[in-house]
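So the chains spell out like this:
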Amino acid sequence: MIGIIGGTGVYEITEHGQDIKKKIIETPYGNSPEISLFKFQEKDIAFIPRHASDHDYPPHMINYRANLWALKKIGVTQILATNAVGSLKESIAPGDFVIPHDFLDFTKMRPGTFYDERTVHIDITSPYCSHLRSVLISSGKVVDQGVYVCTEGPRFETAAEIKMFQILGGTLVGMTGIPEVILSRELEMCYSSICLVSNYAASISPYKLTIDEVFEIMDKRKNNLVDLIESTIKS
Ligand code: HPA
């Protein structure tokens, strides 16, 4: 089964799906948001809205463990996640899609593992799924790599932080990619993110950054994002 984690601006994706069923899954971390289960091109798909459809949890309050545990429990083996991000590079513009190959973790207070009771150190040298990444890249409509910097949020960044992230080799900055990719690896699910650039990061853009800008681009590019997801599922 393929899991789709919908980020900001992507709350439903079942338009072309058949046999749609809705399910809330119980996990040791609490109930999941309502998951849509459906068939698309003969494949079983599970869609989960990351921020939950009825609550709007901000990035640092999302129950990442419940979301990932629920997907594993219903049989998901591969995950396509969507993430709104700011660009740290002038060459990558609002509206572009980027498929990250690595991350830098600047989160501070999120439960980031399922292994609280015993010591387990997973290998995460290459955190993102090479198979899903190559299918996405073969669409020819994406920037084929990038380093995703995850901040705690919910505030945007200072100019000095953005400069630091650039010096460290970051490509994109967002608030939701971690710990999702790590938890997926812990549960042995193959995870790839489709990052949609909604803005130039603070201080790169001459304008003050607002969430309206983020929503506007997500709205404009949502159909292209859904096309990209559907063509990836087909292949
Ligand atoms: N910074 C952090 N998270 C984001 C941004 C940003 O500029 N844009 C969308 N999510």
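Shown above is the structure to which this text applies.
Residues numbered from 1 in each chain as written. Predicted model: local features only at pLDDT ≥ 70, side-chain atom pairs only at ≥ 80, totals over all residues. Heavy atoms only, no water.

## Section: the site of the ligand
And step 1. In the vicinity of the ligand, the contacting residues are Ala84, Val85, Gly86, Phe156, Glu157, Val173, Gly174, Met175, Ser198, Asn199 and Leu209.
And step 2. Taking Ala84, its main chain carries an N or O atom lying 3.4 Å from a nitrogen atom of the ligand.
And step 3. Side-chain polar atom of Asn199 to a nitrogen atom of the ligand: 2.7 Å apart, as the coordinates give it.
And step 4. Protein chains bury 95% of the 260 Å² of accessible surface belonging to the ligand in isolation.
And step 5. Residue composition of the shell around the ligand, by class: six nonpolar, four polar and one charged. (Near = heavy atom within 4 Å. Polar contact = N/O pair within 3.5 Å; in protein donor to acceptor, adjacent residues only side chain to side chain. Areas by Shrake-Rupley, 256 points an atom, 1.4 Å probe, with all protein chains shown as cover. Nonpolar A, V, L, I, M, F, W, Y, C, P; charged D, E, K, R; others polar.)

## A closer look at the pattern of salt bridges
Where charged atoms of side chains with opposite charge meet at close range, the side chains can pair.
And step 1. Overall, the coordinates contain five salt bridges when judged by the stated rule.
And step 2. We note a salt bridge from Arg65 to Asp116, for which the minimum N-O separation is 3.0 Å. Taken as a pair, Arg65 in helix 1 (residues 64-73) and Asp116 in the loop between strand 9 (102-106) and helix 2 (130-138) lie far apart in primary sequence, 51 residues in all.
And step 3. Residue Arg65 is classed as buried on the basis of its relative accessible area of 15%.
And step 4. Note that Glu152 is salt-bridged to Arg110, the shortest N-O span being 3.3 Å. Of the two residues, Glu152 is situated in the loop between strand 10 (147-151) and helix 3 (159-167) and Arg110 in the loop between strand 9 and helix 2; the sequence distance between them amounts to 42 residues. (Salt bridge = Lys/Arg side-chain N within 4 Å of Asp/Glu carboxyl O. Helix = DSSP H or I, 4+ residues; strand = E, 2+ residues; numbered from the N terminus. Buried < 20%, exposed > 50% of the residue type's maximum accessible area, 1.4 Å probe, protein only.)

## A look at the side chain of Ser198
And step 1. Along the chain, Ser198 turns up in strand 12 (residues 190-200).
And step 2. Residue classification places Ser198 among the buried residues on the basis of a relative accessible area of 1%.
And step 3. Beyond its immediate stretch of four places on either side in the chain, Ser198 contacts Ala84, Val85, Pro94, Glu213, Val214, Ile217 and Met218. (Contact = heavy atoms within 4.5 Å.)

## Remarks on the environment of Tyr64
And step 1. Along the polypeptide, Tyr64 turns up in helix 1.
And step 2. For Tyr64, a relative accessible area of 2% corresponds to the buried category.
And step 3. For Tyr64, the contacting residues outside a window of four places in its chain are Arg50, Pro59, Arg110, Met175, Thr176, Ile178, Pro179, Glu180 and Leu183.
And step 4. Within polar-contact distance, the side chain of Tyr64 engages the backbone oxygen of Pro59 at 2.8 Å.
And step 5. Reaching out from Tyr64, the side chain makes a polar contact with the side chain of Arg110 at a distance of 3.3 Å.

## A look at a nonpolar patch on the surface
And step 1. Taken together, the side chains of Tyr11, Ile211 and Phe215 make up a nonpolar region of the molecular surface, amounting to roughly 280 Å² of accessible area.
And step 2. Counting through the fold element by element, Ile211 comes out in helix 5 (residues 211-234). (Patch = residues over 30% accessible without salt bridge, like charges linked within 9 Å, V, L, I, M, F, W, Y side chains within 5 Å.)

## Looking at the nonpolar core
And step 1. In this structure, Ile5, Ile35, Leu68, Leu71, Ile74 and Ile79 are the most contacted members of the largest nonpolar core, which totals 33 residues.
And step 2. Ignoring sequence-local partners within four residues, the contact set of Ile74 consists of Met1, Ile25, Ile35, Leu37 and Ala46.
And step 3. Among the nonpolar cores identified, the runner-up in size contains 26 residues, and Ile45, Leu132, Leu136 and Leu225 belong to it. (Core = buried A, V, L, I, M, F, W, Y, C linked by side-chain atoms within 4.5 Å.)

## As for the packing of aromatic side chains
And step 1. A full pass over the atoms with the stated rule returns five aromatic pairs.
And step 2. Centroid distance Tyr29 to Phe114: 5.6 Å. Interplanar angle 55°. Geometry classified as tilted. Of the two residues, Tyr29 is situated in the loop between strand 3 (26-27) and strand 4 (30-31) and Phe114 in the loop between strand 9 and helix 2; the sequence distance between them amounts to 85 residues.
And step 3. Judged by relative accessible area, Tyr29 falls into the partly exposed class, the value being 25%.
And step 4. Ring pairing ties together the aromatic residues Tyr29, Trp69 and Phe114, which thus form one cluster. (Phe/Tyr/Trp six-rings, centres within 6.5 Å; stacked < 30°, edge-to-face > 60°.)

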